[in-house]
Structure formats: structure tokens, C-alpha cells
Amino acid sequence: MPGIIILSYGRSGSVLLAHNVGRNVGSLPTYAKDDFFSSQYDSPVIHSHLMLSVNNFAGYQIIFNLRADPSQTVLSFMIANHYKQYHKFKDQELLSQEPFYADPVKIKHCCQRLIAWHNYYANQLTVNDMVVVYEQMISILTTSVYDPIYPDKDKILLNYSEAKKICNQYQDQMLDSIDLKMLLDTREKSFIYYNNGVVEV
């Protein structure tokens, strides 16, 4: 079985996916950042948000992870970055989350970065790569480690309606980018690694 690298812009369940993949192959995932790929590595499961040439991933099965609704990714980013809290363990008690006003400029920048990230990898995607969609994955994968952290975004963002409106202005571009050239056009199904195999969902 080849090594597996999970690539994600973020806020799309990639940690949950990496945890499940690692559990099923008997290896904790390695989170790759900065200069990780400039040195030798032999991790069976790698998880990264970096924008890199796929030439770095020779011998690895590439799995792209994303949300079908990119607006939810953007809103989750705004909240997680504000609180500096990105994941919740099942036995973890979170501090009280004070609602806040999200900066419209930062929302726009987040939308633009999401578009750039997915367009970057869309130009390198091959027929051998896999795509895991959060909305499909979440009903299949189980975890004894993580809980959803920000399910009620409308109660956290004081300007939730404005934030959604800004996201909607970029929605077509974001949807075009997460299509990854193949996800919606030429693939009728997505795939996930599960129980040491590939399961269609």
C-alpha cells in the first residue's frame, strides 16, 4: 500500500480524516509544514495545508479533502482564527466563546485564498488522485478523539448575515475552484480510505 498524503486548505475535516486513515494503517499522521518536504521523509500518512508541487509526493496516494460548501470553510476559518482554537477533543472543555464581529476585509481575503489554493492543485490533479468531500465523509467516519467545534456559526458571528453575503459574492468562484477540474465534471463519486480499503460514497 502506498503512503498517503492528505491535502486540504483547512477547516474541512482533514484532521479527522488523517486520524482515521492513520488508525487504519497503524500510524499516526505527520503534519507537514514549512520545510518538511526539503528533507527525507518516510511517514506512511502525511497531512498538509501547503501549496507544493506534486513532484514532492512521489510514491504517495494523494487525497484532496474539501467541503462541498466553501462558505462554511471560510466562516469556520474566521471563527477558528479569532479564538485560536482549531480542534476540540472529546474530553476537552472549551472556554466560553464570546460572540464577535468578523472583519469583512478578512472574510474577502479568506475567500480569495481558498480560490487560489484549490486552483493551484486543480492544475496538478491526475486521474489517480482522490477527493474526499466533508459533507459525505462526516456521516461515515467515526472518531473517539474529536468533536465538532463550531457547529453554530450564526450564534458566534455577530455579523453572520453580512459574512454570508460576502461569501456569496465569491461563491461561484469558490465552487469553480473546488471542482478541481474533475470532482464534479468527470467523477460521479468521491472516495475515502476506510478500513484499509477504498470505499465509494
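Note: the structure precedes this text.
All of the points below concern the structure found in this document. (Residues numbered from 1 in each chain as written. Predicted model: local features only at pLDDT ≥ 70, side-chain atom pairs only at ≥ 80, totals over all residues. Heavy atoms only, no water.)

As a further point, take the overall build of the protein. A count of helices and strands for the protein gives six helices and nine strands. Relative to its 201 residues, the protein shows a buried fraction of 49%. Contacts spanning at least 24 positions in sequence make up 78% of the contacts within the protein whose residues lie at least 6 apart. (Helix = DSSP H or I, 4+ residues; strand = E, 2+ residues; numbered from the N terminus. Buried < 20%, exposed > 50% of the residue type's maximum accessible area, 1.4 Å probe, protein only. Contact = heavy atoms within 4.5 Å.)

Moving on, we get to the environment of T73. On the accessibility criterion, T73 (4% relative accessible area) is buried. Once residues within four sequence positions are removed from consideration, T73 is found in contact with Y9, G10, R11, R67 and L114.

With that out of the way, let us pick up helix α3 (residues 104–122). Taking 1.5 Å per residue as the helical rise, α3 with its 19 residues ought to reach 27 Å, and the 27 Å between its terminal C-alpha atoms agrees with that figure. For α3, the set of buried residues is P104, I107, C110, C111, L114, I115, W117, H118, Y121 and A122. Each buried residue of α3 sits inside an arc of 165 degrees when the element is viewed along its axis, so together they form one side. Elements that come into contact with the buried residues of α3 comprise β1 (3–8), β4 (60–66), α2 (70–83) and α6 (160–178). N-cap assignment for α3: the residue whose side-chain oxygen lies 2.9 Å from the backbone N of V105 is D103. (Expected span 1.5 Å × (residues − 1). Arc of directions from axis to C-beta. Polar contact = N/O pair within 3.5 Å; in protein donor to acceptor, adjacent residues only side chain to side chain.)

What follows covers the pairing of β4. Among the seven residues of β4, seven are classified as buried, and the element is accordingly described as predominantly covered. Along β4, one buried face is formed by Y60, I62, F64 and L66 and the opposite face, lined by Q61, I63 and N65, is buried too. The pairing of β1 with β4 spans six bridges and is classified as parallel. Along β4, the bridge assignment pairs I5 with I62. (Pairing = 2+ DSSP bridges.)

Glancing now at the sheet that holds strand β2 (residues 30–32). If you trace the five strands from one edge of the open sheet to the other, you get β2-β3-β1-β4-β6, paired in parallel fashion. Bordering the open sheet on either side are β2 and β6 (130–133), each of which pairs with just one other strand. The sheet shows a mean angle of 25 degrees between the axes of neighbouring strands, direction not considered. Inspection of the sheet shows β1 paired to strand β3 (residues 45–48) by four bridges, in the parallel sense. Among the inter-strand pairings, I6 is bridged to a residue of β3, identified as H47. (Axes fitted to C-alpha atoms, helices over the stretch in contact; angles between N-to-C directions.)

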